[in-house]
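Residues per chain are reported as follows:
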Amino acid sequence: MQPVIEQRPLMVYLAVGLLQGLTLWMAGESWPHGSVWRSLCSALIVLVVVGGWQLQMLWGQLREADRWKLLLPAILLPAALAAWLGVQFDQPRWYYFDETTGTLLLWSHLALAYILTPFIQARDPAHRWRFDYSALYRHAWNNGLLLFMALVMLGVFWLLIWLWAGLFSMLGVDQFKRLFNSSGFVWVASATVVAAGLRIGLERGQVIDALRNVLQAMCRFLLPLTVVILLLFVVFLPFTGLAPLWATRHATPILLALVFAHIALLNGVVQDGLQRSHYPRPLRLLADASSLCLPLLAGLAMHALWLRIDQYGLTPDRVLAALLALVAMVHGLALVRAVIRRDAAWLSGLRQSNPPLALFAACLLVLMHVPALSPLQLSAASQYQRLLSDEVPVERTDMGALRFQLGEPGRRYLQALRQQLGERWEDEARRTGLQADLQRLDKADHYWAWKREQEVAAAPPVPWIGEPVTDEDGSLARAVSNQGCLAECRLFAVDLDRDGQFEVLLLRGEPRVVPVLGRIAAGGWRWLGQLRVTAGALPEGEALGELLDRGEFELVAPRFSAIEIDGVRLEPAIGEP
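Rules of the game
- Residues numbered from 1 in each chain as written.
- Predicted model: local features only at pLDDT ≥ 70, side-chain atom pairs only at ≥ 80, totals over all residues.
- Heavy atoms only, no water.
- Helix = DSSP H or I, 4+ residues; strand = E, 2+ residues; numbered from the N terminus.
- Rg over C-alpha atoms; globule rule 2.2 N^0.38 Å.
- Buried < 20%, exposed > 50% of the residue type's maximum accessible area, 1.4 Å probe, protein only.
- Contact = heavy atoms within 4.5 Å.
- Areas by Shrake-Rupley, 256 points an atom, 1.4 Å probe, with all protein chains shown as cover.
- Lys, Arg positive; Asp, Glu negative; His and termini not counted.
- Charge placed at Lys NZ, Arg CZ, Asp CG, Glu CD.
- Expected span 1.5 Å × (residues − 1).
- pLDDT = per-residue confidence, 0-100.
- Axes fitted to C-alpha atoms, helices over the stretch in contact; angles between N-to-C directions.
- Parallel < 35°, antiparallel > 145°, perpendicular 65-115°, else oblique.
- Left-handed = near helix turned anticlockwise from the far one by under 90°.
- Nonpolar A, V, L, I, M, F, W, Y, C, P; charged D, E, K, R; others polar.
- Pairing = 2+ DSSP bridges.
- Salt bridge = Lys/Arg side-chain N within 4 Å of Asp/Glu carboxyl O.
- Polar contact = N/O pair within 3.5 Å; in protein donor to acceptor, adjacent residues only side chain to side chain.
- Phe/Tyr/Trp six-rings, centres within 6.5 Å; stacked < 30°, edge-to-face > 60°.

### Brief notes about the overall build of the protein
Assigned secondary structure in the protein consists of 22 helices and 7 strands. In terms of overall dimensions, the protein is more spread out than a globule: its C-alpha atoms have a radius of gyration of 31 Å, far above the 25 Å expected for 577 residues. Taken over the C-alpha atoms alone, the protein extends approximately 95 × 65 × 55 Å along its principal axes. Split into buried and exposed, the 577 residues of the protein put 42% on the buried side. Contacts in the protein between residues far apart in sequence, at least 24 positions, make up 70% of those at least 6 positions apart. With an accessible surface of roughly 31,500 Å², the protein has 64% of that area assigned to carbon and sulfur atoms. Looking at charge distribution, the protein has the averaged site of its 50 positive side-chain charges lying 14 Å from that of its 51 negative ones.

So this is what it looks like as structure tokens:
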């Protein structure tokens, strides 16, 4: 029998890590613009990164029980899903996504691979479609610990690298710092170190088993805490009502986090269902009672999520939250079934429910990528219908998401909205407002720039003292918004430098400092500086406005003159004494 170390040669793991790093680096440096090439590159990234990880986890075991027959579709499926999603986004870099889209593209594939890999590892050699639950449970926990150890090793590696760069930078040698900050080194080194960390962990199986035992002991210690939290929450709920829960605006993530924490700790205590329970009977009864409450908490999370969707419509993160709530509900019902069955071993019914529930979660991840059921399609359709509805306020819609965050479905529905606006619209005011929103959307180059424009447009106009100046492009309103207001703000136009163009003073209730806004050569307005009160104090409120409106002020020459040296002009900053 060959030793384990011969089954997992270090060079194979380093080669896979090097290939993963090079793939990520090349994709980051030259991301194609054509839809077909984007699709192929997306599939290649997932094939190399996710498939490479699965290959590393199963190296030396592929021929046993024909595991390679299961590994091949488990690798190709995420790659095919990534190919479809890659078509949806025309971005300058493969990793240039907002957090929601990044979740869809990255974490869904990693989660799918993490769910399927233990089934491949635990395949029963004597039966084609039967899995050893004890092995399935062990591999599911061990794989997470292996990834954790690899990431710890990666963190230590980068600490040493930064120490290396810092030491030589103190000596005036910056070549190492430039090398270590380059994208090529970051991707290649990180992927290679993670691969080496996985191989080290796999070669020390006893250490991983020991860590799993330590983690399970922690679960036995922490489970009573979630039991107490769940029972107390259910007891207090009738007295407090649901209104305080909805008022938090974070009820869904809090409830789901508690449900999944309880499920994870309970599985860590029950383990594979064959061990003797370490809890006394009263504590087991309390744990059973708390487990019976899980469907209630999952139902409350669903209701809280529905209230949020009814207010603001679907978004990709809300679709993901709905799927998580569904998974929490079925796990809660499975726990209720295990409690009611009263098997010889405590909650041993989880042996029958956990594998199909894991595959159910994997099926949900696959269905997320079906065009008609994808979070992008569902969210785009929801936001489009809300924009068309006269009953939904415009501030509760998200037109910017259609263009920047929802890929091809969002752009398609945005084009349909433009066509609808060209036809007859019952509510003329809403039609005019949507047309103005579309104009601001066309000027924005990313989602948050559009949100900023919307906030500026929705803000009440700042009153003027005297005659206002024109603001054709809205840059003055943006500049005023960027300055903020401590109290009631007012604007006053005055030609401070006597060049025939007005500057604008922003009087915002602060008695010592007055911001100054002015036009720039390229057009538009920006912050120039600020005037400081050097003696006395400005009148407050209406008194200051009346003085300026009556023209009871004078322009005073600066105390210091400017100086010009070889065509370069030096002049005091506004407000300097």
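Further notes follow.
### Thoughts on helix α20 (residues 447–458)
Within an α-helix, residues lying three or four positions from one another point in the same direction, as the helix has 3.6 residues per turn. In this model, α20 (12 residues) spans 17 Å end to end at C-alpha, consistent with the 16 Å of a helix rising 1.5 Å per residue. Those residues of α20 that fall on the buried side of the exposure criterion are Tyr447, Trp450, Glu453, Gln454 and Val456.

### Quick notes on the side chain of Asp495
Here Asp495 lies in the loop between β2 (490–494) and β3 (503–507). Residue classification places Asp495 among the buried positions, given a relative accessible area of 18%. Look past the residues within four positions of Asp495 in its chain and what remains in contact with it is Gly500, Gln501, Phe502, Glu503 and Leu555.

### Describing the confidence of the model for the protein
Per-residue pLDDT for the protein averages 83, and the proportion of residues at 70 or more is 90%. Low confidence marks residues 1–6, where pLDDT is under 50. Its contacts with residues over four positions away, or in another chain, come to 4 contacts. This model gives residues 96–100 a pLDDT under 50, and the stretch forms 9 contacts once residues within four places in sequence are excluded.

### Here we look at the packing of helix α11 (residues 251–270) against helix α14 (residues 316–341)
Between α11 and α14, the shortest axis-to-axis distance is 10 Å and the interhelical angle comes to 45°. In terms of axis orientation, α11 runs oblique to α14. Between α11 and α14 the crossing geometry is left-handed. Residues Leu256, Val259, Phe260, Ile263 and Leu266 of α11 lie in contact with α14, whose contacting residues are Ala321, Leu324, Ala325, Val327, Ala328, His331 and Leu335. Class assignment of the residues belonging to the contact of α11 with α14 gives a composition of 11 nonpolar, 1 polar and no charged.

### Points about helix α15 (residues 350–367)
Relative to the 26 Å expected for 18 residues at 1.5 Å per residue, α15 spans 25 Å between its end C-alpha atoms, a close match to the ideal helical length. Listed as buried for α15 are Leu350, Ser353, Asn354, Pro355, Leu357, Ala361, Ala362, Leu364 and Leu365.

### Some remarks on the environment of Trp464
Mapped onto the elements of the fold, Trp464 is located in strand β1 (residues 464–465). Separated by 287 residues in the primary sequence, Trp464 and Lys177 place their C-alpha atoms 53 Å from one another. The contact partners of Trp464, leaving out residues within four places of it in the chain, are Val469, Leu476, Leu491, Phe492, Ala493 and Val504.

### A look at the sheet that holds β1
Pairing is mixed across the open sheet formed by 5 strands, whose spatial order is β1-β2-β3-β4-β5. Each having just a single partner strand, β1 and β5 (525–532) make up the two edges of the open sheet. With 7 bridges joining them, strand β4 (residues 513–519) and β5 adopt antiparallel strand pairing. When the sheet's bridge partners are listed, Arg519 is paired in β5 with Trp525.

### Topic: the pattern of salt bridges
Opposite charge on two side chains allows them to pair when their charged atoms are near. Scanning the model with the defined rule gives 5 salt bridges in all. As a salt-bridge pair, Glu408 and Arg411 come within 3.1 Å of each other at their nearest N and O atoms. Here Glu408 and its partner Arg411 are both found in helix α18 (residues 407–422), 3 residues apart, which amounts to about one turn of the helix. What makes Arg411 partly exposed here is its relative accessible area of 30%. Between Arg418 and Asp442 there is a salt bridge whose closest N-O contact spans 2.7 Å. Highlighted residues: Arg418 in helix α18 and Asp442 in helix α19 (residues 428–443), separated in sequence by 24 residues.

### So, the side chain of Ser134
Summarising the element assignment, Ser134 is placed in helix α6 (residues 133–170). At a separation of 3.0 Å, a polar atom in the side chain of Ser134 contacts the side chain of Asp272. Contact partners of Ser134, with chain neighbours within four places excluded, come to Asp272, Leu274 and Arg351.

### Here we look at the packing of aromatic side chains
Any two aromatic rings considered together are summarised by their centre-to-centre distance and by the angle between their planes. Per the stated rule, a full pass over the model turns up 13 aromatic pairs. When the ring of Trp158 is compared with that of Trp162, the centres are 6.1 Å apart and the planes differ by 40°; the resulting orientation is tilted. Here the residue Trp158 and the residue Trp162 both occupy positions in helix α6, the gap between them amounting to 4 residues, near one helical turn. Given a relative accessible area of 52%, Trp162 falls into the exposed group. Consider the rings of Tyr279 and Trp346, whose centres lie 6.2 Å apart with planes at 70°: the pair is edge-to-face. Placement of the pair is Tyr279 in the loop between α11 and α12 (281–292) and Trp346 in the loop between α14 and α15, with a sequence separation of 67 residues. The exposure classification of Tyr279 matches that of Trp346, with both residues buried.

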